Amino acid sequence: MADTTFWKNKRVLLTGHTGFKGSWLALWLTRLGATVSGLSLPTPTQPSLHALLGEAASDPGGIADIRDRLAVQARVTAARPEIVFHLAAQPLVRAGYRDPAATFEINVQGTANLLESLRIAPDIRSIVVVTTDKVYENPETARPFVETDPLGGHDPYSASKAAAEIVTASYRSSFFAARHIGLATARAGNVIGGGDWAEDRLIPDAIRAWGSDGVLQVRRPQAVRPWQHVLEPLHGYMLLAERLWHAPDACTAVNFGPDHAAAASVGTVLDKAKVSFGGGEMLLGDGSEGPHEAGYLMLDSSLATRTLGYAPRWGLDETVSRTIAWYRAQQAGSTALDLCLADIAAYEASLQMPRKVAV
């Protein structure tokens, strides 16, 4: 479990704090006593988890464009961070196809802008650059990727994140290693959890369709992904930041994903979601619609287990049921803050219990 005493009064800069994962992480870090400063564009969706959480995870001074180098420098100077989580990104595969130039500007140049500003930050000790499970060159061999596998990217989003990995490695070797500052990338993806209203995301799309008695259009029901609750990788990011603080050269890149047996197809996840939702219509495609997307993607997280003590706690059934329950409760009048705090408390409690391994 992350060291809850470690985070008290730590100055943390969180880029992408208005996004889905960023909102959850900002709330969790604040709950642990950290002083969180943000750097992000305005809320990307309507509704948005960031707006619903309000002051509990809000940073009114943190609106800036990661592509604006001077604005990034000003934010770093004002925040005086000791720890940085870089989540700001264009995070969608299909959006990357629509606007590849902007995707590369945000994900590659934005990462360089941040690292350039941190290069002269006097108090920085630990930096976690969040990329994706899609940074690997994927020959579709149905083998989970390990951190030493070749990087690549068929689509602009995946390629931009692989390029961000190379930028990060260069800054580590050229500047941060000599100062004994920990800098590593965290590779995870396909997160599920309450408060995500982005386009082209499986559960949000299902909630929107089924909540209005519509039919969910499913492009690739056979595609297999490493599904996990949003709190799983966020816990991994915190463990990684702590480890880098104490041992700057402990890690350079780390996968965070579910147990291999938890790999599941889009169709399987939707079948579970339909049961939890209480029904819903789906129209299954044959996988030919739209631009190329990988058919199989899975991560090997054994390095995170060996180095950080990381292990996923919630299986797919619990992940899906908790996510659907979050949306149903929010629609029934429960506040997003209460629902998120309840899930965080439940996850923290699960860290104290014997782990159930998926079989």
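The structure this text deals with has already been given above.
Bear in mind the structure is a predicted one, so any value in this text is a computation, not a measurement. (Residues numbered from 1 in each chain as written. Predicted model: local features only at pLDDT ≥ 70, side-chain atom pairs only at ≥ 80, totals over all residues. Heavy atoms only, no water.)

### A word on the pairing of strand β2 (residues 35-39)
And then number 1: Most of β2 is tucked away, with 4 of its 5 residues classed as buried.
And then number 2: Bridging between strand β1 (residues 11-15) and β2 involves 5 bridges; their strand directions are parallel. Pairing of L13 across the sheet is with S37, part of β2.
And then number 3: Where the polypeptide runs from β1 across helix α1 (residues 20-31) and back to β2, its parallel neighbour, the crossover connection is right-handed. (Buried < 20%, exposed > 50% of the residue type's maximum accessible area, 1.4 Å probe, protein only. Helix = DSSP H or I, 4+ residues; strand = E, 2+ residues; numbered from the N terminus. Pairing = 2+ DSSP bridges. Right-handed = clockwise from strand over helix to strand, strands pointing away.)

### Things to note about the pairing of strand β5 (residues 182-187)
And then number 1: By the criterion of burial, β5 is predominantly enclosed, with 6 of the 6 residues buried.
And then number 2: Burial along β5 is two-sided: the face carrying G182, A184 and A186 and the face carrying L183, T185 and R187 are both buried.
And then number 3: Bridging between strand β4 (residues 126-130) and β5 involves 5 bridges; their strand directions are parallel. For S126, the partnering residue across the bridge sits in β5 and is G182.
And then number 4: Where the polypeptide runs from β4 across helix α6 (residues 156-176) and back to β5, its parallel neighbour, the crossover connection is right-handed.

### A word on the packing of helix α5 (residues 100-118) against α6
And then number 1: Where α5 meets α6, the closest approach of the two axes is 9 Å, and the angle between their N-to-C directions is 15°. Taken as axis vectors, α5 and α6 run roughly parallel relative to one another. Once α5 is placed against α6, the crossing between them reads as right-handed. Residues P100, T103, F104, N107, V108, T111, A112, L115, E116 and L118 of α5 lie in contact with α6, whose contacting residues are P156, Y157, A159, S160, K161, A163, A164, V167, T168, Y171 and F176.
And then number 2: Considering only residue class, the contact of α5 with α6 consists of 14 nonpolar, 5 polar and 2 charged. (Axes fitted to C-alpha atoms, helices over the stretch in contact; angles between N-to-C directions. Parallel < 35°, antiparallel > 145°, perpendicular 65-115°, else oblique. Left-handed = near helix turned anticlockwise from the far one by under 90°. Contact = heavy atoms within 4.5 Å. Nonpolar A, V, L, I, M, F, W, Y, C, P; charged D, E, K, R; others polar.)

### With respect to the pattern of salt bridges
Charged atoms that come close allow side chains of opposite charge to pair.
And then number 1: One pass over the full model with this rule turns up 18 salt bridges.
And then number 2: For R143, the salt bridge goes to D149, with nearest N and O atoms at 3.1 Å.
And then number 3: When its relative accessible area of 13% is taken as the criterion, D149 is described as buried.
And then number 4: The salt bridge involving R219 is made with D200; its shortest N-O contact spans 3.9 Å. Here R219 is found in the loop between β7 (215-218) and β8 (224-225), whereas its partner D200 is found in the loop between β6 (191-192) and α7 (202-211), with 19 residues between them in sequence.
And then number 5: Residue classification places D200 among the partly exposed residues on the basis of a relative accessible area of 25%.
And then number 6: The network of salt bridges with shared partners includes R11, R80 and D123. (Salt bridge = Lys/Arg side-chain N within 4 Å of Asp/Glu carboxyl O.)

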